[in-house]
Amino acid sequence: GLIWGLIIFNLDRFIVTSTGKGDGTEAITWQEFKSAIPRIVMGMIIALTISKPVEIRMFKTEIDVKLHEEQLAQQAEYKIKVENNYKPFADAAQLEITNRENEISAKTKLRDVEQEKLNTEIQGKIGSGKEGDGPAAKSIRMSLDRLQKELDDLKISNGKIIEEKKKERDEWQLKIKTELNKTEQVAAGLDGLLERIRICHRPDVAGGMISFFITLL
């Protein structure tokens, strides 16, 4: 602040000393006005340069409230973008895992039903009504062995795919987590001088007329 004050002070001092002397009369001649133009222009620039930090300091509380609201909105928007960009891939991998696991589960249920059927047949509760491993039981056992082999093969084939998809899903979820952790950094980036000036000029914070009169002063 002190350095900036010295810069403005010396700029203004330089303009005053370089304006030159008048002709000694009270009337403002065209030559005098032309020599004053650089100072008028520089004075406007200095007024704008000085007034903005003053406005930001005067309305700091109001600006901080609005800035926090915008940061929260920015976080929410960034979160939606992250989920839209990455979550479908993680969900697709999880869906594939679920489908493959359901296939194994369905085949396991068929195997279990056939196993229960074999047990019941051996006990003589169905079929011939005789206990023991008869022709009917052997036929059921063949079907059971076939289902068991299909289940074993399915577990091997689907197991490989499930492991691959779990790895893929975890990678996408890690990406989502990493990107979501950046939301605070993204929001913190919305805290520059230009952003505060923009908020300060909003009608519900300082308003255009207040800003104009501060600059004019």
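Refer to the preceding data block for the structure.
Residues numbered from 1 in each chain as written. Predicted model: local features only at pLDDT ≥ 70, side-chain atom pairs only at ≥ 80, totals over all residues. Heavy atoms only, no water.

A. Structural view of the overall build of the protein. Helix and strand counts for the protein stand at seven helices and zero strands. When the helices and strands of the protein are placed in sequence order, the string is α-α-α-α-α-α-α. Taking 217 residues into account, the globule formula puts the C-alpha radius of gyration at 17 Å, and the protein, at 40 Å, lies well above it. Split into buried and exposed, the 217 residues of the protein put 25% on the buried side. Counted over contacts in the protein with a minimum sequence separation of 6, partners at least 24 positions apart contribute 76%. As displayed, the protein has an accessible area near 15,300 Å², and 61% of this comes from carbon and sulfur atoms. Computed over 34 positive and 35 negative side-chain charges, the inter-centroid distance for the protein is 2 Å. (Helix = DSSP H or I, 4+ residues; strand = E, 2+ residues; numbered from the N terminus. Rg over C-alpha atoms; globule rule 2.2 N^0.38 Å. Buried < 20%, exposed > 50% of the residue type's maximum accessible area, 1.4 Å probe, protein only. Contact = heavy atoms within 4.5 Å. Areas by Shrake-Rupley, 256 points an atom, 1.4 Å probe, with all protein chains shown as cover. Lys, Arg positive; Asp, Glu negative; His and termini not counted. Charge placed at Lys NZ, Arg CZ, Asp CG, Glu CD.)

B. Summary view of the nonpolar core. In terms of nonpolar packing, the biggest core is built from nine residues, these being Ile56, Phe59, Ile63, Leu67, Ile197, Ile199, Cys200, Val205 and Ile214. What Ile197 contacts, discounting residues up to four positions off in sequence, is Lys52 and Ile56. (Core = buried A, V, L, I, M, F, W, Y, C linked by side-chain atoms within 4.5 Å.)

C. Representation of a nonpolar patch on the surface in the model. A contiguous nonpolar surface patch, about 810 Å² in accessible area, is contributed by Ile28, Trp30, Phe33, Ile37, Ile40, Val41, Met44 and Ile45. When you line up the elements, Ile40 lands in helix α2 (residues 30-58). Take Ile40: its relative accessible area is 39%, and that puts it in the partly exposed class. (Patch = residues over 30% accessible without salt bridge, like charges linked within 9 Å, V, L, I, M, F, W, Y side chains within 5 Å. Salt bridge = Lys/Arg side-chain N within 4 Å of Asp/Glu carboxyl O.)

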